[in-house]
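Report on the structure
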Amino acid sequence: NDFAAMCRIEVLKLRRTLALWMVFIAPAVVVSLQMLIWTTMKSGFDVDADPWLMFQRNVLSMWAVFMLPLFVALIVALVYHADHASQGWLRMFVLPVARWTVPAAKLTVIVVMVVAATVALYAFTLAGTLAASAANPRIELTPEVPFLLMAGRTAKVLLASMVIVAIQNAVSLRFSSVPVSLG
């Protein structure tokens, strides 16, 4: 299958790159910042507030507004930059594969990276909530973790991020300059 082969090539090109590391670094930074805020908190919460959902709401807000657009712009620019910088497009389009498989494979790899970062964010959020609760005795977690509600909120942010991915993909496909593709 030509498409699967092109996806494997894209994954091989990403080995040992900053783009691959950012899948885990970006969510960890957001959750760490929220943990820092919560562990230094001087007072408790309102009586009706669910700490699991509050922590996640804060993390998702920081992720969606600040880190996600930067993360997507960076990984898309890095994925496309390798081929723009070395004139790799000329070599890739002489391969015996359909022309559409080259950009489609890049887009697929980028979407998988965004999904992986979102899954990492969800896992780090759960762990971060537990760690913040352990570090600050004023945070009293409920014994029931709202996994499905939290997963649904995360999925909504992931779905919304696909618009950013599509825009960044189109810009990076068209322009070879990294500053232009970063916005």
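As a starting point, this report considers the structure included with it. (Residues numbered from 1 in each chain as written. Predicted model: local features only at pLDDT ≥ 70, side-chain atom pairs only at ≥ 80, totals over all residues. Heavy atoms only, no water.)

On to the packing of helix 1 (residues 2-14) against helix 5 (residues 101-135). Their axes nearest at 8 Å, the elements helix 1 and helix 5 cross at an angle of 55°. Put simply, helix 1 runs oblique to helix 5. Along this stretch, helix 1 crosses helix 5, giving a crossing that reads as right-handed. Together, D2, F3, M6, C7, E10, V11, K13 and L14 of helix 1 and T101, V102, A104, A105, K106, T108, V109 and M113 of helix 5 make up the contact between the two elements. (Axes fitted to C-alpha atoms, helices over the stretch in contact; angles between N-to-C directions. Helix = DSSP H or I, 4+ residues; strand = E, 2+ residues; numbered from the N terminus. Parallel < 35°, antiparallel > 145°, perpendicular 65-115°, else oblique. Left-handed = near helix turned anticlockwise from the far one by under 90°. Contact = heavy atoms within 4.5 Å.)

What follows concerns the packing of aromatic side chains. Taken as a whole, this structure holds three aromatic pairs when the rule is applied. With a centroid separation of 5.9 Å and 20° between ring planes, the pair formed by F3 and W100 is classed as stacked. In this pair, F3 sits in helix 1 while W100 sits in the loop between helix 4 (88-92) and helix 5, placing the two residues 97 residues apart along the sequence. For F3, a relative accessible area of 23% translates into the label partly exposed. With a relative accessible area of 54%, W100 lands in the exposed category. (Phe/Tyr/Trp six-rings, centres within 6.5 Å; stacked < 30°, edge-to-face > 60°. Buried < 20%, exposed > 50% of the residue type's maximum accessible area, 1.4 Å probe, protein only.)

This next bit is on the side chain of T154. Summarising the element assignment, T154 is placed in helix 6 (residues 147-174). Ignoring anything within four residues of it in the chain, the contact list for T154 reads Q56, L60, T118 and Y122.

This part covers the environment of P137. One can find P137 in the loop between helix 5 and helix 6. For P137, a relative accessible area of 70% translates into the label exposed. As a C-alpha pair, P137 and T39 span 98 residues in sequence and 9.0 Å in three-dimensional space.

Relative to each other, helix 2 (residues 18-39) and helix 5 sit at 25°, their axes nearing to 8 Å. With respect to their mutual orientation, helix 2 and helix 5 come out roughly parallel. The hand of the helix 2/helix 5 crossing is right-handed. Of the residues in helix 5, those in contact with A19, L20, V23, F24, P27, A28, V31, M35, W38 and T39 of helix 2 are M113, A116, A117, A120, L121, F124, T125, G128, A131, A132 and A135. Here the contact of helix 2 with helix 5 is composed, by residue class, of 18 nonpolar, three polar and no charged. (Nonpolar A, V, L, I, M, F, W, Y, C, P; charged D, E, K, R; others polar.)

Among soluble globular proteins, nonpolar side chains are generally buried collectively. Counting residues in each nonpolar core, the largest one holds 34 residues, and the members touching the most others are W63, F71, V72, I75, I110, M113 and V114. If you list the elements that add at least two residues to this core, you get helix 2, helix 3 (51-85), helix 5 and helix 6. Per element, the largest residue contribution to this core is 14 residues, and it comes from helix 3. Contact partners of V72, with chain neighbours within four places excluded, come to V114, I164, V165 and Q168. Judged by nonpolar contacts, the second largest core, of five residues, contains W52, Y122, L126 and M150. (Core = buried A, V, L, I, M, F, W, Y, C linked by side-chain atoms within 4.5 Å.)

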